[in-house]
2 protein chains.
Amino acid sequence: MQVGIIGIIGGGQLGKMLIEEGNRYNVLFNTLDPDGNSPASYISNKHIQGSLQDAYKINELANGADILTIEIEHINIEALKQLEAKGKIIYPNAGILEIVQDKGLQKQFYTKHNIPTAAYKLVQTPTDWTNALQETKWQKVAAKMRKGGYDGKGVALLNSAEILQDIDNAPWDVPTVLEEYIPNAKEISIIVNRNAGGEINCFDAVEMEFDAVANLVTYLKCPASISQDVHNKAKAIAQDVVVALNGIGIFAVEMFVTSTGEILVNEIAPRPHNSGHHTIEGCYTSQYEQLVRILLGKPLGSTGIIQPSAMINVLGANNFEGAYKLEFEKELLSMEGVYIHMYAKQISKPMRKLGHITVLAPTEALLKEKALKVMEMAQVILS
Amino acid sequence: MQVGIIGIIGGGQLGKMLIEEGNRYNVLFNTLDPDGNSPASYISNKHIQGSLQDAYKINELANGADILTIEIEHINIEALKQLEAKGKIIYPNAGILEIVQDKGLQKQFYTKHNIPTAAYKLVQTPTDWTNALQETKWQKVAAKMRKGGYDGKGVALLNSAEILQDIDNAPWDVPTVLEEYIPNAKEISIIVNRNAGGEINCFDAVEMEFDAVANLVTYLKCPASISQDVHNKAKAIAQDVVVALNGIGIFAVEMFVTSTGEILVNEIAPRPHNSGHHTIEGCYTSQYEQLVRILLGKPLGSTGIIQPSAMINVLGANNFEGAYKLEFEKELLSMEGVYIHMYAKQISKPMRKLGHITVLAPTEALLKEKALKVMEMAQVILS
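Residues numbered from 1 in each chain as written. Chains lettered and ligands numbered in written order. Predicted model: local features only at pLDDT ≥ 70, side-chain atom pairs only at ≥ 80, totals over all residues. Heavy atoms only, no water.

> Hey, could you go over empty space enclosed by the protein for me, with residue numbers and the actual values?
Residue and element names in this part refer to chain A. If you walk through the whole model with that rule in mind, you get seven cavities of 30 Å³ or more. One number sums up the size of the largest cavity: a volume of about 590 Å³. Counting residues per element, the lining of the largest cavity draws most heavily on helix α1 (residues 13-22), which supplies three residues. Looking at side-chain class alone, the lining of the largest cavity contains 12 nonpolar, six polar and 10 charged residues. (1 Å grid on protein atoms, 1.4 Å probe; cavity = no way out; pocket = protein on both sides within 12 Å on 5 of 7 lines; lining within 4 Å. Points joined across faces, edges and corners; volume = space filled by probe spheres on them. Helix = DSSP H or I, 4+ residues; strand = E, 2+ residues; numbered from the N terminus. Nonpolar A, V, L, I, M, F, W, Y, C, P; charged D, E, K, R; others polar.)

> So what's going on with the interface of chain A and chain B? Which residues, and what values?
Counting residues at the interface gives 38 residues for chain A, matched by 38 residues for chain B. For the pair chain A and chain B, the number of links is two salt bridges. Between K298 of chain A and E329 of chain B there is a salt bridge, with the nearest N and O atoms lying 2.9 Å from each other. Joining chain A to chain B, the criterion identifies 16 residue pairs in polar contact (both at pLDDT 80 or more). When residues of the side of chain A that touches chain B are traced back to their parent elements, those giving at least two are α1, α11 (329-333) and β17 (338-342) of chain A. (Contact = heavy atoms within 4.5 Å. Salt bridge = Lys/Arg side-chain N within 4 Å of Asp/Glu carboxyl O. Polar contact = N/O pair within 3.5 Å; in protein donor to acceptor, adjacent residues only side chain to side chain.)

> Account for the packing of α1 of chain A against helix α10 (residues 287-295) of chain A, naming residues and giving values.
Residues and elements named next belong to chain A. Between α1 and α10, the shortest axis-to-axis distance is 8 Å and the interhelical angle comes to 70°. Taken together, the axis directions place α1 and α10 in an arrangement best described as roughly perpendicular. Counting all contacts with α1, which are made through L14, M17, L18, E21 and G22, the residues of α10 involved are Y288, E289, L291 and V292. Residue classes in the contact of α1 with α10 are distributed as six nonpolar, one polar and two charged. (Axes fitted to C-alpha atoms, helices over the stretch in contact; angles between N-to-C directions. Parallel < 35°, antiparallel > 145°, perpendicular 65-115°, else oblique.)

> Please provide a residue-by-residue account of the nonpolar core, values included.
With 74 residues, the main nonpolar core has I9, L80, L332 and I357 of chain A as its most contacted residues. When sequence neighbours within four positions are dropped, the list of residues in contact with L332 of chain A reads L326, V338, I340, I357, V374, M377 and A378 of chain A. Counting 55 residues, the second-largest nonpolar core is a separate cluster that includes L291 of chain A together with M335, V359 and L367 of chain B. (Core = buried A, V, L, I, M, F, W, Y, C linked by side-chain atoms within 4.5 Å. Buried < 20%, exposed > 50% of the residue type's maximum accessible area, 1.4 Å probe, protein only.)

> Talk me through the environment of V206 of chain B; I want residue IDs and the actual numbers.
Residue and element names in this part refer to chain B. Its place among the elements puts V206 in strand β11 (residues 206-211). Separated by 70 residues in the primary sequence, V206 and G276 place their C-alpha atoms 8.2 Å from one another. Among all residues touching V206, those that are not within four sequence positions of it are E187, I188, S189, L220, K221, C222, A224, S275 and H278.

> Describe the packing of aromatic side chains, listing the residues and the values that go with them.
Residue and element names in this part refer to chain A. On inspection of all chains with the given rule, the structure shows two aromatic pairs over all chains. Between F109 and Y110, the ring centres sit 6.3 Å apart and the planes meet at 75°, which makes this aromatic pair edge-to-face. Residue classification places F109 among the buried residues on the basis of a relative accessible area of 11%. (Phe/Tyr/Trp six-rings, centres within 6.5 Å; stacked < 30°, edge-to-face > 60°.)

> Lay out the sheet that holds strand β6 (residues 140-145) of chain B in plain terms, naming residues and giving numbers.
All names here are of chain B. Across the sheet, which stays open at both edges, the four strands sit in the order β5-β8-β6-β7 with antiparallel pairing between neighbours. Two strands bound the open sheet, and with one partner strand each, they are β5 (120-123) and β7 (155-159). Pairs of neighbouring strands in the sheet enclose a mean axial angle of 25°, with direction left out of account. Where β6 lies against β7, five bridges are found, and the strand directions are antiparallel. Paired with K144 across the strands is V155, a residue of β7. Relative to the sheet, helix α5 (residues 103-112) contacts β5, β6, β7 and β8 (176-180), its axis offset from that of β5 by approximately 140°. Each of β5, β6, β7 and β8 is contacted by helix α6 (residues 126-136), which is oriented at about 165° to β5, the strand it contacts most. (Pairing = 2+ DSSP bridges.)

> Talk me through the environment of E71 of chain A; I want residue IDs and the actual numbers.
Residues and elements named next belong to chain A. Of note, E71 is situated in the loop between β4 (67-70) and α3 (77-85). Using a relative accessible area of 7% as the deciding quantity, one classes E71 as buried. Between the alpha carbons of E71 and H47 there is a distance of 14 Å; along the sequence they are 24 residues apart. Discounting residues that sit within four places of it in the chain, E71 has contacts with I8, I9, G10, G11, G12, Q13, L14, G15 and R271.

See the structure below:
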């Protein structure tokens, strides 16, 4: 009985759930995070407090671990490359993180590998913006900072005419992807699992509902309401992306389904993802368990659905910052097939992801009813 | 966001799974166990190595914890009583452990509270044995040491005539319960959950199959194959036992169902139990989660079944002692609805509980087929 150690770069809620799901596999987890009280820090075997850009701290984590993984992309890639050069195994590897960190490189990768994606231009200067918008004649564009955007930050939906009228209306002048905005598209996500032996499978698509103000997923359901044909096509494309990357690990592939049934890859996250939380209770194997299996060199698990599920983010209320509690916790705990995951964050801030709730129900009709009820109840209040 | 600490007396597999299921509740677990490498020690927040009879060590655990629970009954009751006198909360409490530690007191408790149980005599000396067997005229008796028996140790099925012929055939001369043996009885177990507010519920009955040689449960299924009427009666009796005890915690109530449908309480375990492992995947709330909820003062969860389930113990092979592995681990990991729980025990010994495997299937017919296949595969071999 050998107990190994997995090092996780990042110590947030994704790391927390990775540990929760991984404990059954008799492996220990060490974490690195700037926050000494980060969600995963309480239950990790050893928590190193330090910046994810700090090569010294990343090395410290690596030295104490048999293998490394990540739960956030915004980390020091050079440090990872140097570790890989010395033979350290990191899933996903540094090359993939480098592509994913830069939405421009992501787009170029899709083009190069014939992965369908929305039309785009890479811009930076006001002249770039003007040329791109004049040339493409897109009415609306989604502008995304190539680097550093996260959870809706660094993303803007713009009217081309307004920008062309006065270039000062452009929201920023950092390297940016301008993308044709696809109206009435449905957003879906598919999590793909692939191990070092090349074994690959994926979960069913989930469908997302966004809070337009916060630009955050607030509710998702699995399976998505799409035709079997579109579903199959989306799964094939999602797996194609991961094979093209030669990716080892788990990968959330976010896609648009256009009103004509076309599928366009939006972006990928090479790690456990908000759109896969529901797999903990809704599927035979969770996204986290798949990653643990991959890190330990074990076969993938079944991605089959046990019951239709919905996932509701528990977000910080807009009217306060500070100590908090879940208003209807008792009532929620008493509901069958309702699973509360609070992330042990110290304080609430407006729109901060403080937890999520998974809802299971035997039929989609019952699921919708229960999910809407839970959404209403899942309010964060001052404690 | 306050993170509390639960102290667990014992650090075996039950403690391990309690921690695995409890992490989601943002509470930390400290453990006490004589083995520094016990199953729960790897993932507990703090592991204290020490005897469960050592009042000093129990106090050390108590001083660092907000509340205490147990995962094994054979512990120093006096130390717990002294802690309770000082106001420490222990679920289940010391008085219940005192009754449960002694199978004679358990029997007397059932008699006192009109709980149906098999007829019995309390004996110790050869004269006691002779008198009891002559008086009762039972053909076969189950002899159980009042204290210290565990997993089939200290239990014997005997022919009265053989003992009466030569009292030296009695297996021991310690305080003993002699019980009328009920032929063709089915063994079932129901886990009852009860919190400090008096809220009570129970899981569906599981049915057990024993390995006659090892006298160990090797396979159980949920729900049990009993009539709805018997099931309802068994649930009512199981809850009656816990209410009579004024028990707070979770309680496995093992019962016989006789060939005429009569229900007799055999014994109780005031803690998570082998017969409740299947609840982790098979039910909306696991037995471990129920205990965590009770310790944290939260409402009970639904005990509803998600899918019919079977639980197979992974036992040490009879032909070796030492480092081990699961022979068909890869194949088992690839099967849908098959969950391997290995307990991180250092070495295998004959018949040692090294892990268990839960099997889910949508129908009972499919479950049986899959469970039998898994039982054949779940062999422990030298590693």
